[in-house]
Amino acid sequence: MAERVDRDVNQALRARFDEVYGQYQRLRSGVDDLRAELAELRVTERSDDGQVTATVGARGELISVELTPAVYHDRDHHALSRKITTTVHRACTRAATATQELVTAYLPAGSGSVEFLRTGDFGALLGRADAVLRREAERHE
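The text that follows walks through the structure, step by step, so that each part is easy to find. Just so we're clear, the structure is a prediction, and the values are computed from it rather than from any experiment. (Residues numbered from 1 in each chain as written. Predicted model: local features only at pLDDT ≥ 70, side-chain atom pairs only at ≥ 80, totals over all residues. Heavy atoms only, no water.)

Considerations on the sheet that holds strand β2 (residues 52–57)
Working step 1: In space, the three strands of this open sheet follow the order β1-β2-β3, with antiparallel pairing throughout. Sheet topology places β1 (42–46) and β3 (62–67) at the edges, where each strand pairs with a single neighbour. The sheet shows a mean angle of 15° between the axes of neighbouring strands, direction not considered.
Working step 2: Strands in contact with helix α2 (residues 77–104) are β1, β2 and β3; relative to β2, the strand with the most contacts, it is inclined by about 35°. (Pairing = 2+ DSSP bridges. Helix = DSSP H or I, 4+ residues; strand = E, 2+ residues; numbered from the N terminus. Axes fitted to C-alpha atoms, helices over the stretch in contact; angles between N-to-C directions. Contact = heavy atoms within 4.5 Å.)

What follows is the structure, given as structure tokens:
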């Protein structure tokens, strides 16, 4: 009887291992695709008046800033500076969202990593590890 129970437990463990390993393989094979998609990601934003165009990459790195000749008609350099900064900031915000969407498509649903990317909350990233440590501490009390 005990031998039958051991066999059933081993089969269940093997099935769970196969499932987790399959998830790992899908994640690993997707990393190269993800890397290529992120390298190609470009987000372009224009100022409200169309005089400034900013393009950024996946990490918000500035690729280019283009100015139309009309920006030189108004000699207010402070206004131009604010317009450039605002346009670049909007492009970076959109790039961060696009990057999050790409990355989360490759991560298991419900993972702490997905929640961290969405919110920037380190608690979500470390939540699972904290829960495991709490359980271990409770076991040893």
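Thoughts on the pattern of salt bridges
Working step 1: Applying the stated rule across the entire model yields six salt bridges.
Working step 2: Linking Glu 45 and Arg 90 is a salt bridge whose minimum nitrogen-to-oxygen distance equals 3.2 Å. With a gap of 45 residues between them, Glu 45 in strand β1 and Arg 90 in helix α2 connect regions that are remote in the sequence.
Working step 3: For Glu 45, a relative accessible area of 14% gives the class buried.
Working step 4: By relative accessible area, which is 26% here, Arg 90 ends up partly exposed.
Working step 5: In this structure, Lys 83 and Asp 49 form a salt bridge, with 2.5 Å as the shortest nitrogen-oxygen distance. A residue pair is termed long-range when its members are at least 10 positions apart, and Lys 83 in helix α2 and Asp 49 in the loop between β1 and β2 qualify at 34 residues.
Working step 6: Classification of Lys 83 by relative accessible area gives partly exposed; the value is 22%. (Salt bridge = Lys/Arg side-chain N within 4 Å of Asp/Glu carboxyl O. Buried < 20%, exposed > 50% of the residue type's maximum accessible area, 1.4 Å probe, protein only.)

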